[in-house]
Amino acid sequence: MSPDGMRLGTASSDKTTKVWDATSGQELLTLRGYFGPVLSVAWSPDGKRLAAGSGDGTVQVYSVDIQDLLKLVHSRVTRDLFPEECIRYFQSDKCPPLP
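A brief report on the enclosed structure follows. (Residues numbered from 1 in each chain as written. Predicted model: local features only at pLDDT ≥ 70, side-chain atom pairs only at ≥ 80, totals over all residues. Heavy atoms only, no water.)

1. Quick notes on the sheet that holds strand 4 (residues 38-43)
The three strands are arranged 4-5-6 in an open sheet whose pairing can be described as antiparallel. The sheet is open, and its two edges are formed by strand 4 and strand 6 (59-63), each paired on a single side. Sheet twist, expressed as the mean angle between neighbouring strand axes with direction ignored, is 20 degrees. Of the strand pairs in this sheet, strand 5 (residues 49-54) and strand 6 are connected by five bridges, and their pairing is antiparallel. When the sheet's bridge partners are listed, Ala52 is paired in strand 6 with Gln60. (Pairing = 2+ DSSP bridges. Helix = DSSP H or I, 4+ residues; strand = E, 2+ residues; numbered from the N terminus. Axes fitted to C-alpha atoms, helices over the stretch in contact; angles between N-to-C directions.)

2. Regarding the packing of aromatic side chains
Per the stated rule, a full pass over the model turns up one aromatic pair. Consider the rings of Tyr34 and Tyr62, whose centres lie 6.4 Å apart with planes at 65 degrees: the pair is edge-to-face. Residue Tyr34 is found in the loop between strand 3 (27-31) and strand 4, and its partner Tyr62 is found in strand 6; the two are separated by 28 residues along the sequence. Tyr34 sits in the buried class, given a relative accessible area of 7%. (Phe/Tyr/Trp six-rings, centres within 6.5 Å; stacked < 30°, edge-to-face > 60°. Buried < 20%, exposed > 50% of the residue type's maximum accessible area, 1.4 Å probe, protein only.)

3. Points about the pattern of salt bridges
Within the structure shown, the criterion is met by two salt bridges. Between Lys18 and Glu27 there is a salt bridge; the shortest N-O distance is 3.4 Å. Judged by its relative accessible area of 21%, Glu27 falls in the partly exposed class. For Arg49, the salt bridge identified is with Asp46, shortest N-O distance 3.4 Å. (Salt bridge = Lys/Arg side-chain N within 4 Å of Asp/Glu carboxyl O.)

4. Side note on the nonpolar core
Val19, Leu29, Leu31, Tyr34, Val38, Trp43, Leu50, Ala52, Tyr62, Val64, Ile66 and Leu70 together form the largest nonpolar core, which totals twelve residues. Those elements that provide at least two residues to this core are strand 3, strand 4, strand 5 and helix 1 (66-76). Excluding residues that lie within four positions of it along the chain, Tyr34 makes contacts with Lys15, Thr16, Thr17, Ala52, Ser54, Asp56, Thr58, Gln60 and Tyr62. (Core = buried A, V, L, I, M, F, W, Y, C linked by side-chain atoms within 4.5 Å. Contact = heavy atoms within 4.5 Å.)

5. Looking at the side chain of Ser2
Relative to the helices and strands, Ser2 resides in the segment before strand 1 (7-11). Residue Ser2 is classed as buried on the basis of its relative accessible area, which comes to 4%. Among the polar contacts made by the side chain of Ser2, one reaches the main-chain amide nitrogen of Met6 at a distance of 3.3 Å. Those residues within four positions of Ser2 in sequence are excluded, and the remaining contacts are Arg7 and Trp43. (Polar contact = N/O pair within 3.5 Å; in protein donor to acceptor, adjacent residues only side chain to side chain.)

See below:
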């Protein structure tokens, strides 16, 4: 659970980490890039980053403050994002709406 209690991070044997809205149960992000099952997750104290440890011996740290990421995108991109860009930059199959 994130420090503010609003998001849940999960580890999975399908080589992904997911971030969920703790209130609605909606999936917010799917984080990929592992070669083994994800075994553990931990939030930073400020809730802006999520670390995930994999059975492949790696730990990845992700920026998961979606609003900060969206503000950055909106300041630099003046069109809707392509699905491929959402996968690459947000690690998500679904593009979050721009503010």
